[in-house]
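Single-letter residue listing:
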Amino acid sequence: MPTINSTWDDLILQCDGRYLTNAELKPLHQYVQTLNARTKTYEVLRVKSAGLIKQTLKKFMFSHPEIMEKHSKRCVYDMSMTMCLMSVALLRDDPHFFKESLMLWLANILAAHEKNTQCLQAYTYLQEALQEQLPSVCNQLLKPYMDIILEVLDTPPKLLANVQRSGV
């Protein structure tokens, strides 16, 4: 049965038949302490994501008009889904979930279409928009997820295949 996040999934599997130690309970305490800030960040993203995406893709259009002319609806959809899943992962406090549920798949699709470099630039623009429009506490919470996006999109396709096979 899935729990709050992947850290808790691992802990529950490891503690079969025994009580969790204080050290093992620490992630739960951390989760509870940051829940309010993560919830507020989630709400801000829910309200502002469409505008952030529009601002991002408007800027991206200046550097890659050919992509936006041909694939603008797909760009909006992909970035919207990324933002939505990033928000869910933020609520769960689970970067592993985010990387496994979306980013490795998206990076492989983009690599197959040879669009990693262009999308890396688009998500760099998204990061800039987030930094401009959101409070610093929100950006601090979102940083691990944006780092995952930028890291995965910046990974060469051959390395990405090796990363997936090794079970990262």
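Below you will find a few notes about this structure. All values reported here derive from a predicted model rather than from experimental measurement. (Residues numbered from 1 in each chain as written. Predicted model: local features only at pLDDT ≥ 70, side-chain atom pairs only at ≥ 80, totals over all residues. Heavy atoms only, no water.)

**What about the packing of helix α2 (residues 22-63) against helix α6 (residues 136-153)?**
This is how the line gets drawn: Interaxial angle, 0 to 180 degrees, is taken between N-to-C directions of lines fitted to C-alpha atoms, where a helix line uses only the stretch in contact. By the criteria applied, helices consist of DSSP H or I runs no shorter than four residues and strands consist of E runs no shorter than two, each listed in order from the N terminus. For this classification, under 35 degrees means roughly parallel, over 145 means roughly antiparallel, 65 to 115 means roughly perpendicular, and everything else is oblique. Note on contacts: a residue pair qualifies if any of its non-hydrogen atoms lie within 4.5 Å across the two residues. When residues are grouped by polarity, Ala, Val, Leu, Ile, Met, Phe, Trp, Tyr, Cys and Pro land in nonpolar, Asp, Glu, Lys and Arg in charged, and all others, Gly among them, in polar.
The N-to-C vectors of α2 and α6 enclose an angle of 95°; their axes lie 10 Å apart at closest approach. Judged on the interaxial angle alone, α6 and α2 are roughly perpendicular. Mapping the contact onto sequence places Ala 37, Arg 38, Thr 41 and Leu 45 in α2 and Cys 138, Leu 141 and Leu 142 in α6. Considered class by class, the residues forming the contact of α2 with α6 number five nonpolar, one polar and one charged.

**Let's talk about helix α1 (residues 6-14)**
Keep this limit in mind: Think of it in three bands: with a 1.4 Å probe and only protein chains considered, a residue is buried below 20% of the maximum accessible area for its type, exposed above 50%, and partly exposed in between.
Taken together, the buried positions of α1 are occupied by Ser 6, Trp 8 and Leu 11. Each element contacted by the buried residues of α1 is listed here: α2, α3 (65-92) and α4 (95-112).

**Some details on the packing of aromatic side chains**
Defined as follows: Each pair of aromatic rings taken from Phe, Tyr and Trp, with Trp reduced to its six-membered ring, is defined by centres within 6.5 Å and is described as stacked if the planes are under 30 degrees apart, edge-to-face if over 60, and tilted in the remaining cases. The rule for a charge over a ring is simple: NZ of Lys or CZ of Arg within 6 Å of the ring centre, and within 35 degrees of the ring normal.
Scanning all chains against the criterion turns up one aromatic pair. Arranged with centres 5.8 Å apart and planes meeting at 80°, the rings of Phe 98 and Tyr 145 form a pair that is edge-to-face. Residue Phe 98 is found in helix α4, and its partner Tyr 145 is found in helix α6; the two are separated by 47 residues along the sequence. Over the ring of Tyr 31 we find Arg 38; its NZ or CZ atom is 4.2 Å from the centre of that ring. Sitting over the face of the ring of Phe 97, Arg 92 holds its NZ or CZ atom 4.2 Å from the ring centroid.

**What to know about the side chain of Ser 6**
As for its position among the elements, Ser 6 is in helix α1. Among residues more than four places away in sequence, those in contact with Ser 6 are Arg 92, Asp 94 and His 96.

**Some words on the pattern of salt bridges**
Just so we agree on the cut-off: Salt bridges are defined by distance alone: a side-chain nitrogen of Lys or Arg within 4 Å of a carboxyl oxygen of Asp or Glu.
For the structure on display, the rule yields six salt bridges. For Arg 18, the salt bridge is made with Glu 24, and the minimal N-O distance between the two is 2.7 Å. Given the relative accessible area of 37%, Arg 18 is considered partly exposed. Linking Arg 74 and Asp 78 is a salt bridge whose minimum nitrogen-to-oxygen distance equals 3.0 Å. With Arg 74 and Asp 78 both in helix α3, this residue pair falls four residues apart, about one helical turn. Asp 78 gets classed as buried once you look at its relative accessible area, which sits at 16%.

**Description of the nonpolar core**
We apply this condition: Grouping buried Ala, Val, Leu, Ile, Met, Phe, Trp, Tyr and Cys residues that are joined through side-chain atoms within 4.5 Å yields what is termed a nonpolar core.
Counting 40 residues, the largest nonpolar core has Phe 98, Met 103, Tyr 123, Leu 130 and Leu 153 as the members making the most contacts within it. Elements with a minimum of two residues in this core: α2, α3, α4, α5 (116-133) and α6. The dominant element in this core, judged by the number of residues it contributes, is α6, at 10 residues. Ignoring sequence-local partners within four residues, the contact set of Leu 130 consists of Leu 45, Leu 52, Met 83, Asn 139, Leu 142 and Met 146.

**Structural notes on α5**
Heads up, the condition is: Given a helix with a known number of residues, its expected span is that number minus one, times 1.5 Å.
Between its first and last C-alpha, α5 extends 25 Å over 18 residues, near the 26 Å set by a 1.5 Å rise per residue. Taken together, the buried positions of α5 are Asn 116, Gln 118, Cys 119, Leu 120, Ala 122, Tyr 123, Tyr 125, Leu 126, Gln 127, Ala 129 and Leu 130. Residues of α5 that are buried make contact with α2, α3, α4 and α6.

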